Every structure is written in C-alpha cells, then in structure tokens.
Amino acid sequence: MTHYDLKAVKIPRLAGGALRAFAEALENPLGASLLLGKLLEDGGITKIRRTVIDDAPTYLPIYPTESKGTPSTDLLNIPHPPKTKSGFSFSTVHDFHNAYRDRKTTPDQVVEKVLGAIDASKSLNTFIAVNRDDVMAQARVSAQRWRDGKPLSIFDGVPVAIKDEVDQTPYPTTVGTKFFGKSPATKDSTTVARLRAAGALLIGKANMHEIGINPVGFNAHYGTTRNPYNTNHYTGGSSSGSATAAASGLCPVALGADGGGSIRIPSALCGLVGLKSTFGRVSEYGAAPLAWSVAHLGPLAASAADAALMYAVIAGADSQDPNTHYQPAPSLADFGNMDLRGLKLGVYREWFNHATPEIVAACEAMLKNFVGMGAEVREIEIPDLDLTRIAHVIAILGEMATAMQPYYEKHRRDFGLDVRVNLAIGRAFTSRDYVHAQRMRTRAIANFAKVLADVDVIVSPATAVTAPPIPADAIAAGESDLSTVTELMRYVFSGNLTGLPAISFPVGYDSKGLPIGMQVMGRAWNEHTLLRLANAAETATEKKKPQAYFPILDL
C-alpha cells in the first residue's frame, strides 16, 4: 500500500521589514550560511538529496507519437456552451460572435466599452499596458471584415488579454518586472500570431506575479491584481491579470502561462476554466525563457467552450519550437458529449481529501454528478508525491535562477522581496540537485503512467484552499508565505513535472462566495477528454456573478 506523504508545510510568514531583512540576509554569504540549511530542510531539498533514485534523468517530459500535429483552426465549430443550472452566465466567445453576426453591435463599439471598463477597473490592476491606438486599429479592421461578410473565424473581434510573459507587438514584454521590456517586441509569439490570424481583438498585456515565480499574484511594480469575486483577496498567479480580465468580463478568454499551476490556480480561485496542455502541445516560441522543462502556455476562460476554442487556435506543431514536433493532431473529439459512460475517473482518496472541507465537499459532489452521467470512479494510489513536489521545486526554481543569472548582480534589488527570497533559494541548489530532480522526474512519469493505464483521468481539487485574503502588511512590498503557497500548489505540480495535461474548472463556492475549482489530469495528448469533462461539469454548476464584473455586451 502506498504511503501518502504530502504534508502541510509550517514556515513562518514574513512581510514588511522582516521580509526585507530576510531577503537581504539570504543574499549575503554569511546570512545564507545561517538560514539556508533550515529552509532547504523545511522545503524537502535535503530529503531528496538523501533519497536513492536509480532512474536515468529526463530533462524534457516529451511524449513522442508517430502522427504529427498541425494548427487546428478547423476545430472552431464546437457547439455553444451547454445550458447551465440557473444562475449567472458569463459572456462567451459565441456570444460576441453572434452579436456581430446579428448586427447587434460591432467590434469598434465593443472595444470602446472594453477600454472604458478597463479605465473604470484600474483598482483591479489587471493590465500592465494597454495601447489604445493599437486596440482601436484592430477593432476598425475587424469591423470592416464583418461589414464585408468575411470574418476570419469565430474569434474575429472577440476581446482577448495576453499575459505579459509572451511577446506581442507593439508592446514590450516586461515579465512583470520593472527592468525587462525596455523595447517593444519586434515579432508576435506563435500563440499571439495564431490568435491574431483568427481575428482576436488583443486588448492589452495582462499583469502577472513577477517572473512567474509565485502562485499568489502579488506585483510590487504594477499593483497586485484583485479577485473579482472579492477584491480583498488574491487572484492567484502567476497568470493573475489574465484571470482577473476573464473573470471580470473584460474578455471571455485570456492567454496565460503555467510552470507550476500558474494557469490552473488563478482559474480555480476566480471561477474560470484553465487548461495546461501536454508539454509541447502549444508552442513556447516568443514566451520569456523562464523555466524550460515545466513551461506551458494556455487559456483561462469563462467557459469550457471558450477554453476549447482558444486551445484549437493555439495548439499544434510549430517550426519555431522543436518541442512541438512530437504531437498527434489536436482533437476536440466528443467535446459536447454528456454521456460519460466508459470513462474511468481515478481518485487517490488521501490526496483528494487533503483540502478544506468545503473544497472536498464541492469536488465530491461533482464526482457524484459525473457518476450520474455514466462515469465510473476507481480508487487509485500514486507513490512518491512528496519527492515529485520537491523535484518540481528544484526544476522550476533552479531554471528560473539560471534564467535570471545574467541580470542578477545589476538588478537583484529591482525584484520584489518575495522574488528575491525565491531566487536566493534557487541559487542555493547544486547541479547535483538538478540532475537528481530529473531522475525523480523519470520515476514520476512512470508512476503516473502506471496509474493512467487503469483509469482515463485523475481527479482532485485544483487547490487546497480558496483565494487567500490580501493582508494589509503585504500590499506595499508583498509577503513570503510558503505555507499558503504549498496549499495552493498541492495538486498542480505533478502536471508540470511529468508534462501531462491538466485542467481546472469551477465546481462551486465556499461560504464566503469564493470559487472552488476541480482539477482533472489525463494521458499525454488527451486534452479533449479534459475539456469534455469541464464542459460536462458546467451543466451541474450554478455560477455566481463576480462582485466586479463588466457586461461588455450589455453596457
């Protein structure tokens, strides 16, 4: 019997002057010698150093197939989102498309409302940059295409936000810092280029946790994004602005990035659908090189259909990213099929139950709904989860520290305090630690492959807590709260380390009205199964209107 070994981490929270002193001490050789030993022990690094792992290292979690993939815009004819329980309905990609088709509004009229809503929502700190002239120019061209009866796709004129980790002309790419992005990008990333080719109305560069190093959403330079369901709470990160944009109604779908849950966590905390595809399914060309072996780009969306539509546009092989050349053609097979007979859902009970009672209850209720639709639940066990967590920490922080090395001496104090702490920890890892983590990646891939040979997907909560409150002492300079970070990341890290696809979707709300998310992980290249389950879940979930919401189509 497998021993469940994930534990809550109890590390003192720091903010204000204490956090500044701690960051400075970690960056000082003497202070580091006194503090790092305890930090590495508490974080499990010394545990993995003591563990014998005989597997050969896997540096990139690639799943080769004989079939080659191509961009999948032919998949855009998926049905309108299913009718949900009574309650609030977000405006969707289909709604914008239908409004243009029926001549109820035009892209240039919509963009005026979007820009007005962005101005009215500045306290949400959603965007790092919005180029009004560029946005208006896009809208005018889209409106002309609609007048000519020649829209490029269902996305033509639909507002979309882009995380400021991804190149988009004419903006610089800041990655949430104050020193990157001094010059505009000269070329769109592949994901942005594909969205632009589909006619998407790119409304601005969304805020993010600085260099994507934390799942909370704080940013000392551009302001901390606020959760539309309660603006006194975090959005989650690092794709925080993308989540706020979609959840507040500024756009039905936004592009995010996920190295350690950075799409799925803010989606769960903001009542959205967030998809992290299989490693290599979506091109990383034009994304900031922060964490090469765990990075994924993908959608945060108001509905499963919207997530599927963006996935259909951005997925597929890209000559500019060799990691995309191993995939089969993207599929949305059975997306609208609510008959789940034949699907086997794996549940590791001790892992599933390691969240707040309200989250467990909401996820358990959705499991019962899936069973009512014909799915079968099977009990599973997954070994080595804690070693998998530790290996992911070493991989992502080690790679980020390496990525920041050329800028570290000159710009160390330009980073936020929590970023400085995390980079100091990452810089303490050795080459032996990194290789050992990649050996653990090989074992983790094998562990999950064995489980997924018997079930189609693995089901769990998306996070162990709902959106944390923003403490007053963290507003100015942030905080280091590694205990809460562990709760937010409890279910997400394995998808990044193994490269397997995973999705978060809403399944209810806690007693404070904050969204609760469920996660489903699947076999490599089986994103269509995850999207199908997220779509089915919408028929059983009554959604609530966010406190901060801008009904663009109704304004």
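Keep in mind it's a predicted model, so treat the numbers as computed, not measured.

1. Observations regarding empty space enclosed by the protein
Over the atoms, a rolled probe matching the size of one water molecule traces out where space is still vacant.
1) Next: With the rule as written, the count across this model stands at two cavities of 30 Å³ or more.
2) Next: Of the volumes computed, that of the largest cavity is approximately 710 Å³.
3) Next: Around the largest cavity, the lining is made up of 43 residues, and of these Val393, Ile396, Leu397, Val485 and Met489 lie nearest the centre.
4) Next: Of all the elements in the fold, those that place two or more residues in the lining of the largest cavity are α2 (29-42), α13 (385-411), α14 (417-428) and α16 (482-489).
5) Next: For the lining of the largest cavity, the leading source of residues is α13, giving six residues.
6) Next: Taken as a whole, the second largest cavity encloses approximately 30 Å³ of empty space.
7) Next: Around the second largest cavity, the lining residues are Ser277, Thr278, Phe279, Gly280, Arg281, Val282, His296 and Leu297.
8) Next: Classifying every residue of the lining of the second largest cavity by side-chain character gives three nonpolar, four polar and one charged.

2. Focus: the pattern of salt bridges
1) Next: What the rule picks out here adds up to 29 salt bridges.
2) Next: A salt bridge links Arg420 to Glu27; the shortest N-O distance between them is 2.6 Å. In this pair, Arg420 sits in helix α14 while Glu27 sits in helix α1 (residues 16-27), placing the two residues 393 residues apart along the sequence. In terms of burial, Arg420 and Glu27 fall into one category: buried.
3) Next: One salt bridge connects Arg490 with Glu487, and the closest N-O pair in it is separated by 2.6 Å.
4) Next: Judged by relative accessible area, Arg490 falls into the buried class, the value being 3%.
5) Next: Exposure remark for Glu487: the relative accessible area of 18% places this residue in the buried category.

3. Observations regarding the nonpolar core
1) Next: Formed by 114 residues in total, the largest nonpolar core has its most connected members in Phe155, Phe370 and Phe505.
2) Next: The element contributing the most residues to this core is helix α10 (residues 304-314), with 10 residues.
3) Next: Setting aside chain neighbours within four positions, we find Phe155 in contact with Val93, Val160, Ala198, Gly199, Ala200, Val253, Leu309, Met310 and Val313.
4) Next: Among the nonpolar cores identified, the runner-up in size contains 46 residues, and Leu19, Ala391, Ala403 and Ala437 belong to it.

4. Regarding the pairing of strand β9 (residues 297-301)
1) Next: β9 sits mainly inside the fold: five of its five residues count as buried.
2) Next: With five bridges connecting them, strand β7 (residues 253-257) and β9 associate as antiparallel partners. Across the sheet, residue Ala257 finds its bridge partner in β9, namely Leu297.

5. Some remarks on the environment of Tyr491
1) Next: With respect to the helices and strands, the residue Tyr491 is situated in the loop between α16 and α17 (493-498).
2) Next: Separated by 27 residues in sequence, Tyr491 and Met518 have C-alpha atoms that sit 9.7 Å apart.
3) Next: Contacts of Tyr491, omitting those with residues within four sequence positions, involve Trp351, Phe352, His354, Ala355, Ser460, Pro461, Ala462, Thr463, Ala464 and Gln519.

6. Remarks on the environment of Ile213
1) Next: The residue Ile213 is located in the loop between β4 (201-206) and β5 (226-227) in this model.
2) Next: On the basis of relative accessible area, Ile213 is assigned to the buried category, the value being 10%.
3) Next: Once residues lying within four places of it in the same chain are set aside, the contact partners of Ile213 are Leu397, Met400, Val419, Asn422 and Leu423.

7. With respect to the confidence of the model for the chain
1) Next: Summarising the model, the chain shows a mean pLDDT of 95, and 97% of its residues fall at 70 or more.
2) Next: Put simply, α2 is where the chain has its lowest mean pLDDT, 93, and strand β12 (residues 457-461) is where it has its highest, 99.

8. Details of the packing of helix α5 (residues 107-120) against helix α6 (residues 132-147)
1) Next: Relative to each other, α5 and α6 sit at 155°, their axes nearing to 8 Å. With respect to α6, the axis of α5 lies roughly antiparallel. For the pair α5 and α6, the sense of crossing is right-handed. Contacts from Pro107, Asp108, Val111, Glu112, Leu115 and Asp119 in α5 reach Arg132, Val135, Met136, Ala139, Ser142, Ala143 and Trp146 in α6.
2) Next: Of the residues in the contact of α5 with α6, the class split is eight nonpolar, one polar and four charged.

9. A few points about a nonpolar patch on the surface
1) Next: A surface patch of nonpolar side chains, about 230 Å² in accessible area, is lined by Tyr59, Leu60 and Val435.
2) Next: Structurally, the position occupied by Tyr59 is in the loop between α3 (45-50) and α4 (93-101).

10. Section: the pairing of β4
1) Next: Here β4 lies mainly inside the structure; six of its six residues are buried.
2) Next: Pairing of strand β2 (residues 127-129) with β4, which is carried by two bridges, proceeds in the antiparallel orientation. Across the sheet, residue Ala129 finds its bridge partner in β4, namely Lys205.
3) Next: As judged from the five bridges shared by strand β3 (residues 159-163) and β4, these two strands associate in the parallel manner. The residue of β4 that forms the bridge with Lys163 is Ala206.
4) Next: Each parallel crossover has a hand, and for β3 linked through helix α7 (residues 190-197) to β4 it is right-handed.

11. Section: unusual backbone geometry
1) Next: That bond from Thr169 to Pro170 is cis: its omega, 5°, falls within 30 degrees of zero.
2) Next: Secondary-structure assignment places Pro170 in the loop between β3 and α7.
3) Next: The residue after Gly237, namely Ser238, is reached through a cis peptide bond having omega 10°.
4) Next: Position of Ser238 relative to the elements: it lies in the loop between β6 (230-234) and α8 (240-247).
5) Next: Phi is positive for Arg103, which is not a glycine, with a value near 60°.
6) Next: Locating Arg103 in the fold gives a position in the loop between α4 and α5.
7) Next: Located in the positive-phi region is Ile211, a residue other than glycine, with phi close to 50°.

12. Here's the deal with the sheet that holds β7
1) Next: Strands sit in the order β2-β4-β3-β7-β9-β8-β14-β15-β12-β10-β11 across an open sheet of 11 strands; the sheet is mixed. Edge positions in the sheet fall to β2 and β11 (376-379), since each has one partner strand and no second. If you compare each strand with its neighbour and ignore which way they point, the axes differ by 30° on average.
2) Next: The strands that α5 touches are β2, β3 and β4; relative to β4, the one it contacts most, it runs at about 15°.

Conventions adopted
Residues numbered from 1 in each chain as written. Predicted model: local features only at pLDDT ≥ 70, side-chain atom pairs only at ≥ 80, totals over all residues. Heavy atoms only, no water. 1 Å grid on protein atoms, 1.4 Å probe; cavity = no way out; pocket = protein on both sides within 12 Å on 5 of 7 lines; lining within 4 Å. Points joined across faces, edges and corners; volume = space filled by probe spheres on them. Helix = DSSP H or I, 4+ residues; strand = E, 2+ residues; numbered from the N terminus. Nonpolar A, V, L, I, M, F, W, Y, C, P; charged D, E, K, R; others polar. Salt bridge = Lys/Arg side-chain N within 4 Å of Asp/Glu carboxyl O. Buried < 20%, exposed > 50% of the residue type's maximum accessible area, 1.4 Å probe, protein only. Core = buried A, V, L, I, M, F, W, Y, C linked by side-chain atoms within 4.5 Å. Contact = heavy atoms within 4.5 Å. Pairing = 2+ DSSP bridges. pLDDT = per-residue confidence, 0-100. Axes fitted to C-alpha atoms, helices over the stretch in contact; angles between N-to-C directions. Parallel < 35°, antiparallel > 145°, perpendicular 65-115°, else oblique. Left-handed = near helix turned anticlockwise from the far one by under 90°. Patch = residues over 30% accessible without salt bridge, like charges linked within 9 Å, V, L, I, M, F, W, Y side chains within 5 Å. Areas by Shrake-Rupley, 256 points an atom, 1.4 Å probe, with all protein chains shown as cover. Right-handed = clockwise from strand over helix to strand, strands pointing away.

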